[in-house]
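Residue-level structural notes
As a plain string of letters, each chain reads:
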Amino acid sequence: MRYVAGCVSHASRSLLVPFEDAGGAPWVLEFAQKDSGEGVIRFFAQGGRAVDAQGLPQEIASPYLGQHLDGLRAVQERQALILTHQAFAPRQLTRSSQGAWSLSELAFTSRPEAWGEGNWPGLAAFHEDRLVFAATPNEPYTLWFSRTGEHQDFRLATREVPLSGWSDLEIDEKNASGAADGRAGDSFAMLSGDSFKKTKALAGETSEGTPCYYRYKGSREFRAGSGGMTVTFRDAPSAATDIESVRISSGALNAAFWEEFAVGDRIDADPASPDGSDPLDDDGLEITLSAQQGGRIAFLSSRGRLWVGATSGEWTISGASLNTPISPGGVKANREGTSGAALVQSCPAGPATLFIQRSGRKVREMAYRMDSDAYVSRDLTLLAGHMAGPGFTQLAFVQEPDPVLCCVRADGLLAALTYLPDQDVCAFSRIATDGAVESVCAVSNDEAGRDELWLTVRRSTPDPANPGGPPLVRRFVERLDPAFPEDAQDSTQAFFVDCGMSY
């Protein structure tokens, strides 16, 4: 294990999270709490601390403290990490094209009403181009799906612009700005029997010739008599046939009275409208599993179906019929097993998902079995139950050069499961070190042609100020390196030490 840096604090543990940038370069993020009490995120790249343009180590403030790390989950979306914890609103950690990092709350369109202070989702995943959140403290078996392709829009029933009747009234002739956008002096004509009031819309046109629609928010109502009516836009309406201008003199939208929509925009469905309030196929949806026990959802894994691991058992969620996507009008939740999962992040591995059973003493493989036409959770510790010791607390999967599932035990020992199911190889070994492993994550190093396992390790070292006294507790960020370089000629070139460095 090669020393990289001291942890943020020697008094409390850190959490390591992997990240990959647009160029494929691996990053390791350390979430921790400073000795002064503030949360912080530090960044590692190219084998060491990442620095900014001024050569200073990169780090940013974080709301997540030491007691929050066990419940913190992360899922990557392009150049951002979606972070979830039941005590905090979902956040987004982003890296700009200039290399700067920032952390902010996600801005949702129509956030689910159930979410709020003390009741935030603890899990997130991406499935069928939807962002999925799950498991708030008050709704532990509920999942929320965003709109398809709109990952921050969770509206359950929308309509697409233009609605029925929105093209019935048009703003007359283009004005001096080259647009029919309702500036002072523009008008629209109403035929006998027409009416115009709140929620009605006008068809207009931008200066680029693009169709657009303006929905009225004011309280005035216009009704055309037998001779029709012409309604004129004014910055300061005075006559009975005047209405507030869509565009004030500067050209900005008069948002107090009008909403502007482009073709294809979505608006909330009106239950009283003729087209009803049934959701469209790509609208958001909310699902609550019919669990027969307590507990909560523990992990989400996106495959051909959405695999859901709960403390009470395993589920799959799919469209209502074969090879159809999940939609508000067709969704099916199947209970596949009763093993139950621990509240630990799962690991995708080939066609399977590996997770820790609820007791913490077994590693299970959830996979589809052709012989039984079912999703089965197989016990991978069946022949090595002693390897779990006091229980597993975290998983990380290394694929190159050999597929190995690294399992952190509660006592700090690292159990390594060599996992080659297509070759019927599934065997445990131990990776022991002079200390206790507390956190692991795996990142892919394309330059080296292998995956790297990063660790935080708690170690004891003599106190130089008190040589005969109790040892000091120290925590380090380390990396598990190969024992021998590929071009090694003899044993003198081995790197086989605890928390070592090379000079």
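Overview of the structure.

**Some details on the pattern of salt bridges**
- In total, this model carries 27 salt bridges according to the counting rule given.
- Ionic pairing is found between Asp-21 and Arg-95, a salt bridge with its closest N-O pair at 4.0 Å. You can see Asp-21 sitting in the loop between β2 (15–20) and β3 (26–33) and its partner Arg-95 sitting in strand β9 (residues 88–95), a full 74 residues away along the chain.
- Taking the shortest distance from any N to any O, the salt bridge between Glu-59 and Lys-34 comes out at 3.3 Å. In this pair, Glu-59 is assigned in strand β6 (residues 59–62) and Lys-34 in the loop between β3 and β4 (39–45), connecting sequence segments 25 residues apart.
- When its relative accessible area of 31% is taken as the criterion, Lys-34 is described as partly exposed.
- Counted as one network, the salt bridges with shared partners bring together Arg-147, Asp-153, Arg-155 and Asp-268.

**Concerning the packing of aromatic side chains**
- Summed over all chains, the structure comprises 27 aromatic pairs.
- A ring pair is formed by Tyr-64 and Phe-88, whose centres lie 5.1 Å apart and whose planes are at 75°; its orientation type is edge-to-face. Of this pair, Tyr-64 sits in the loop between β6 and β7 (73–77) while Phe-88 is found in strand β9, placing the two residues 24 residues apart along the sequence.
- A network of ring pairs unites the aromatic residues Phe-108, Trp-115, Phe-133, Trp-144 and Phe-154 as a single cluster.
- Above the plane of the ring of Phe-495 lies Arg-2, whose end atom (NZ or CZ) is 3.9 Å from the centre.
- Sitting over the face of the ring of Phe-44, Arg-49 holds its NZ or CZ atom 5.9 Å from the ring centroid.

**Looking at the layout of surface pockets**
- The computed volume of the second largest pocket comes to approximately 780 Å³.
- Those elements giving two or more residues to the lining of the second largest pocket turn out to be β34 (404–409), β38 (450–461) and β39 (472–480).
- The greatest single-element share of the lining of the second largest pocket, amounting to four residues, is contributed by β38.
- Tallied by class, the residues present in the lining of the second largest pocket amount to 18 nonpolar, three polar and nine charged.

**Some details on the environment of Tyr-141**
- Structurally, the position occupied by Tyr-141 is in the loop between β12 (130–134) and β13 (142–145).
- The exposure class assigned to Tyr-141 is buried, which follows from its relative accessible area of 7%.
- Residues Tyr-141 and Ser-290 lie 149 residues apart in sequence; the distance between their C-alpha atoms is 7.9 Å.
- Not counting residues within four places of it along the chain, the set of residues in contact with Tyr-141 comprises Ile-287, Thr-288, Leu-289, Ala-291, Gln-293, Gly-294, Gly-295, Arg-296, Ile-297, Ala-310, Thr-311 and Ser-312.

**Let's talk about the sheet that holds strand β21 (residues 242–244)**
- Sheet architecture is open: three strands sit in the order β15-β20-β21, paired in mixed fashion. Edge positions in the sheet fall to β15 (187–190) and β21, since each of these pairs with one other strand and no more. Between one strand axis and the next, the sheet turns by 30° as a mean value, whatever way the strands run.
- Two strands pair when backbone bridges link them, and strand β20 (residues 229–234) and β21 are joined in this way by three bridges, in the parallel orientation. Bridge assignment links Arg-234 to a residue of β21, and that residue is Glu-244.

**Side note on the environment of Glu-77**
- Locating Glu-77 in the fold gives a position in strand β7.
- Taking the relative accessible area as the measure of exposure, Glu-77 reaches 13% and is therefore buried.
- C-alpha of Glu-77 to C-alpha of His-151: the two residues are 74 residues apart in sequence and 10.0 Å apart in space.
- Ignoring any residue separated from it by four or fewer positions in sequence, one finds Glu-77 in contact with Ile-82, Gln-92, Phe-126 and His-151.

**Regarding the environment of Arg-2**
- Position of Arg-2 relative to the elements: it lies in strand β1 (residues 2–6).
- Considered as a pair, Arg-2 and Phe-496 are 494 residues apart in the sequence and their alpha carbons are 9.1 Å apart.
- Those residues in contact with Arg-2 that lie beyond four places of it in its chain are Val-477, Glu-478, Arg-479, Asp-481, Phe-495, Gly-500, Met-501 and Ser-502.
- There is a polar contact of 2.6 Å between the side chain of Arg-2 and the side chain of Asp-481.

**As for the state of the cysteines**
- One pass over the full model with this rule turns up zero disulfides.
- The thiol of Cys-407 is unpaired, and the distance to the nearest cysteine sulfur, on Cys-406, comes to 7.2 Å.
- The closest cysteine sulfur to the non-disulfide-bonded Cys-441 is located on Cys-406, 11 Å from its own sulfur.

**Examining the nonpolar core**
- Core analysis: the largest hydrophobic core is formed by 22 residues, its most contacted members being Phe-392, Leu-405, Cys-407, Tyr-419 and Phe-428.
- Only β29 (347–349), β30 (352–356), β31 (363–369), β33 (392–398), β34 and β35 (414–420) provide two or more residues apiece to this core.
- The contact partners of Tyr-419, leaving out residues within four places of it in the chain, are Ala-349, Ala-352, Leu-354, Glu-365, Leu-380, Phe-397, Pro-403 and Val-425.

**As for the side chain of Arg-147**
- Tracing the chain through its elements places Arg-147 in the loop between β13 and β14 (158–160).
- The class for Arg-147 is buried, based on a relative accessible area of 9%.
- With near-sequence residues (within four places) excluded, Arg-147 lies in contact with Asp-129, Arg-130, Asp-153, Arg-155, Arg-266, Asp-282, Asp-283 and Gly-284.

**Focus on the sheet that holds strand β10 (residues 101–105)**
- Read across the open sheet, the four strands follow the order β7-β8-β9-β10; overall the sheet is antiparallel. With one partner strand each, in any of the chains shown, β7 and β10 form the two edges of the open sheet. Taken pair by pair, the neighbouring strands of this sheet meet at an average axis angle of 25°, ignoring direction.
- Alignment of strand β8 (residues 80–85) against β9, held across five bridges, turns out to be antiparallel. Residue Leu-81 lies in a different strand from β9, and its bridge partner there is Leu-93.

Criteria and cut-off values
Residues take numbers from 1 onward in each chain, read along the sequence in its written order. Since the coordinates come from a predicted model, pLDDT governs what is reported: local features require at least 70, and pairs of side-chain atoms require 80 or more to be given and counted, while whole-chain, interface and lining totals use all residues. Heavy atoms throughout the structure, all of them, feed into the side-chain values; hydrogens and water do not. Put simply, a salt bridge is a Lys or Arg side-chain nitrogen that is within 4 Å of an Asp or Glu carboxyl oxygen. The numbering of helices and of strands both runs from the N terminus, where a helix is a DSSP run of H or I of at least 4 residues and a strand a run of E of at least 2. When a residue's accessible area, from a 1.4 Å probe over protein chains only, is under 20% of the maximum for its type it is buried; when over 50% it is exposed; and in between it is partly exposed. Any Phe, Tyr or Trp ring, taking Trp's six-membered ring, that has another such ring centre within 6.5 Å forms a pair; planes under 30 degrees apart are called stacked, those over 60 apart edge-to-face, and the others tilted. To sit over a ring, a charge needs its Lys NZ or Arg CZ within 6 Å of the ring centre and within 35 degrees of the ring normal. The pocket and cavity definitions rest on a 1 Å grid over protein atoms only: a 1.4 Å probe that fits but cannot leave marks a cavity, an open set with protein on both sides within 12 Å along at least five of seven lines marks a pocket, and residues lining either have an atom within 4 Å of a point. Grid points are joined across faces, edges and corners, and a volume is the space filled by probe spheres set on the points. All amino acids are sorted into three groups, where Ala, Val, Leu, Ile, Met, Phe, Trp, Tyr, Cys and Pro are nonpolar, Asp, Glu, Lys and Arg are charged, and the leftover types, Gly among them, are polar. Note on definitions: a residue-residue contact is assigned when non-hydrogen atoms from the two residues lie within 4.5 Å. We call two strands paired when DSSP finds no fewer than two bridges between them. What counts as an axis is a line fitted to C-alpha atoms, over the stretch in contact for a helix, and the angles between N-to-C directions run from 0 to 180 degrees. Two N or O atoms count as a polar contact when they lie within 3.5 Å, although within protein this holds only if one can serve as hydrogen donor and the other as acceptor, and sequence-adjacent residues are included solely when both atoms are side-chain atoms. Throughout, a disulfide means two cysteine sulfur atoms within 2.5 Å of one another. Among buried residues, those of type Ala, Val, Leu, Ile, Met, Phe, Trp, Tyr and Cys that are joined through side-chain atoms within 4.5 Å constitute a nonpolar core.

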